[in-house]
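What the coordinates show
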Amino acid sequence: MQLPKQEVDRFFRLMWPLPLTLLLILLTATSCRLLDTDLLAPSVQSLPQVEDFVSAPLPTDATAIQFAVKGFTDLLIQLRFTAPANEVTTFLDTLGIALTPGTTPRPTPPPTDPSWWTPSTAQSYAEGALDDDDHNRFYRVIVDQSDPAQWIVYLQVSSR
């Protein structure tokens, strides 16, 4: 039994996009694999990229550096480091963030925050924020000043 020509033509007219779509999906997946690219990964994955996103290099004597990146197109970076008090002040001045003494108890971080994100443990702290139109960023910082010589900085930077 042979199909009428009009049925065969109709079938090919309706089905021709399917092989092309499958080929495009295969090529995209292969090229991402070859380039070792994860299309859904955040664009910030290394400390130099974090510093670029923050718009300032970390203090030269910064230690215990930790960071986490959340989001895809709109990013939130959580950055924690310890540095001498004078270097932290210079770093925050570079960003344009002024500190004010903290007066309220720090809330406990949500369970989705990294285990090293512990600003609530600060006995003495200062905080500040900056809405930076030039870089399209919002900054929020808590500085643990419990040790007057070595401060712990908890900085959140988000794109907007």
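If you're wondering where the values come from, they're calculated on a predicted model, not measured in any experiment.

So, about the environment of Asp 61. Along the chain, the position of Asp 61 falls in the loop between helix H3 (47-54) and strand S1 (63-71). Placed 26 residues apart in sequence, Asp 61 and Glu 87 show a C-alpha to C-alpha distance of 7.8 Å. Every residue in contact with Asp 61, bar those within four places of it in the chain, is listed here: Thr 82, Ala 83, Pro 84 and Glu 87.

Those residues of helix H4 (residues 85-95) lying buried are Ala 85, Glu 87, Val 88, Phe 91, Leu 92 and Leu 95. Seen end-on, H4 carries its buried residues on one side only, within an arc spanning 160°. The exposed set on the far side of H4, more than 90 degrees from its buried face, consists of Asn 86, Asp 93 and Thr 94. Among the structural elements, H3, strand S2 (75-84), strand S4 (125-132), strand S5 (137-144) and strand S6 (150-159) are those in contact with the buried residues of H4. Downstream of H4 by a residue or two, Gly 96 has a phi angle that is positive, lying close to 85°.

Applying the stated rule across the entire model yields three aromatic pairs. Between Trp 116 and Trp 117, the aromatic rings sit 6.0 Å apart at their centres with planes inclined by 70°, giving edge-to-face as the arrangement. Like Trp 117, Trp 116 is buried. Plain terms: the ring middles of Trp 117 and Tyr 154 are 5.3 Å apart, the flat faces sit at 80° to each other, and that makes the pair edge-to-face. With Trp 117 in the loop between strand S3 (100-101) and S4 and Tyr 154 in strand S6, the pair connects residues that are 37 residues apart, well separated along the chain. When its relative accessible area of 6% is taken as the criterion, Trp 117 is described as buried.

Further remarks concern the confidence of the model for the protein chain. Per-residue pLDDT for the protein chain has a mean of 82; in total, 76% of the residues score no lower than 70. Mean pLDDT per element in the protein chain: helix H2 (residues 17-34) is the minimum at 61, and H4 is the maximum at 97.

Moving on: the pattern of salt bridges. Counted under the stated rule, the structure contains two salt bridges. One salt bridge in this structure joins Asp 113 and Lys 70, with 3.2 Å as the shortest N-O distance. Taken together, the residues Asp 113 in the loop between S3 and S4 and Lys 70 in strand S1 connect sequence positions 43 residues apart. Judged by relative accessible area, which is 15%, Asp 113 ranks as buried. Given a relative accessible area of 28%, Lys 70 falls into the partly exposed group. Residues Glu 127 and Arg 140 are paired through a salt bridge, measuring 3.4 Å at the closest nitrogen-oxygen approach. Within this pair, whereas Glu 127 is found in strand S4, its partner Arg 140 is found in strand S5, the two being separated by 13 residues in sequence.

So, on to the pairing of S6. Each regular strand carries side chains that alternate between the two faces of the sheet. Across the ten residues of S6, eight count as buried, placing the element largely inside the fold. Bridge analysis of S2 against S6 gives nine bridges, and the strand direction is antiparallel. Opposite Pro 84, over in S6, you have Gln 150 as the bridge partner. As paired elements, S5 and S6 share eight bridges and run antiparallel to each other. Counterpart to Val 141 in the pairing with S6 is Leu 155. Joining the antiparallel neighbours S5 and S6 is a turn of five residues.

Definitions and limits used
- Residues numbered from 1 in each chain as written.
- Predicted model: local features only at pLDDT ≥ 70, side-chain atom pairs only at ≥ 80, totals over all residues.
- Heavy atoms only, no water.
- Helix = DSSP H or I, 4+ residues; strand = E, 2+ residues; numbered from the N terminus.
- Contact = heavy atoms within 4.5 Å.
- Buried < 20%, exposed > 50% of the residue type's maximum accessible area, 1.4 Å probe, protein only.
- Arc of directions from axis to C-beta.
- Phe/Tyr/Trp six-rings, centres within 6.5 Å; stacked < 30°, edge-to-face > 60°.
- pLDDT = per-residue confidence, 0-100.
- Salt bridge = Lys/Arg side-chain N within 4 Å of Asp/Glu carboxyl O.
- Pairing = 2+ DSSP bridges.

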